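# A look at the structure
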Amino acid sequence: MIITLSIFYYLFLVAVAVFLLYSLFNVYHLLRFGFFSLINVLVIVLYVLIAASFLYFSFSILMTVDWSTPLIDFGNMSNNPF
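My aim in this report is to walk through the structure given alongside it, one point at a time. (Residues numbered from 1 in each chain as written. Predicted model: local features only at pLDDT ≥ 70, side-chain atom pairs only at ≥ 80, totals over all residues. Heavy atoms only, no water.)

## Some points on a nonpolar patch on the surface
A grouping of M1, I7, F8, L11, L71, I72 and F74 is seen on the molecular surface, where their side chains present a nonpolar patch of about 700 Å² in accessible area. Of all the secondary-structure elements, those providing two or more residues to the nonpolar patch are α1 (6-33) and β2 (70-73). Sorting elements by how many residues they give to the nonpolar patch places α1 first, with 3 residues. With respect to the helices, strands and loops of the structure, I7 is situated in helix α1. Accessibility expressed as a relative area gives 41% for I7, which makes it partly exposed. (Patch = residues over 30% accessible without salt bridge, like charges linked within 9 Å, V, L, I, M, F, W, Y side chains within 5 Å. Areas by Shrake-Rupley, 256 points an atom, 1.4 Å probe, with all protein chains shown as cover. Salt bridge = Lys/Arg side-chain N within 4 Å of Asp/Glu carboxyl O. Helix = DSSP H or I, 4+ residues; strand = E, 2+ residues; numbered from the N terminus. Buried < 20%, exposed > 50% of the residue type's maximum accessible area, 1.4 Å probe, protein only.)

Structure representation (structure tokens):
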């Protein structure tokens, strides 16, 4: 059994999902309870643009990683006498 580096990628995706859920709550509360003004709309747009740019930047960096690199290989454990 081989555990690859992709386990960290899946953990990162879980963190991104939590961040997106938290962001939806933030935007909802800004729309629901914030005053309808230009400042409120600009804050929402600025938040969404910055969050999207961070996500785009992080995913573009993660695309360069070879996620099939073995992290732990349990296949050689049967040949080891210890």
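## Considering the environment of T64
Positionally, T64 belongs in the loop between α2 (38-62) and β2. A distance of 2.6 Å separates the side chain of T64 from the backbone oxygen of I61, its partner in a polar contact. (Polar contact = N/O pair within 3.5 Å; in protein donor to acceptor, adjacent residues only side chain to side chain.)

## As for α1
An ideal rise of 1.5 Å per residue puts 40 Å on 28 residues; α1 measures up with 40 Å between its terminal C-alpha atoms. Within the span of α1, buried status applies to S6, V16, S23 and V27. Where α1 is buried, its residues contact β1 (2-4) and α2. (Expected span 1.5 Å × (residues − 1). Contact = heavy atoms within 4.5 Å.)

## A word on α2
The end-to-end C-alpha distance of α2 is 36 Å, a good match for the 36 Å that 25 residues give at a rise of 1.5 Å each. N40, I44, A51, L55 and L62 are the residues of α2 that are buried.

## Some points on the packing of aromatic side chains
Taken as a whole and assessed by the stated rule, the structure comprises 3 aromatic pairs. Taking the centre distance of 5.2 Å and the plane angle of 40° together, the rings of Y9 and W67 count as tilted. With a gap of 58 residues between them, Y9 in helix α1 and W67 in the loop between α2 and β2 connect regions that are remote in the sequence. Taking relative accessible area as the criterion, Y9 reaches 23% and is therefore assigned partly exposed. (Phe/Tyr/Trp six-rings, centres within 6.5 Å; stacked < 30°, edge-to-face > 60°.)

## Considering the packing of α1 against α2
Interaxial distance between α1 and α2 falls to 11 Å at its minimum, and their mutual angle equals 175°. On the basis of the axis angle, α1 is roughly antiparallel to α2. Residue-level inspection shows Y9, F12, L13, V16, F19, L20, S23, N26, V27, L30 and L31 of α1 in contact with α2, the latter providing N40, V43, I44, Y47, V48, A51, L55, S58, F59 and L62. A per-class count over the contact of α1 with α2 returns 17 nonpolar, 4 polar and no charged. (Axes fitted to C-alpha atoms, helices over the stretch in contact; angles between N-to-C directions. Parallel < 35°, antiparallel > 145°, perpendicular 65-115°, else oblique. Nonpolar A, V, L, I, M, F, W, Y, C, P; charged D, E, K, R; others polar.)

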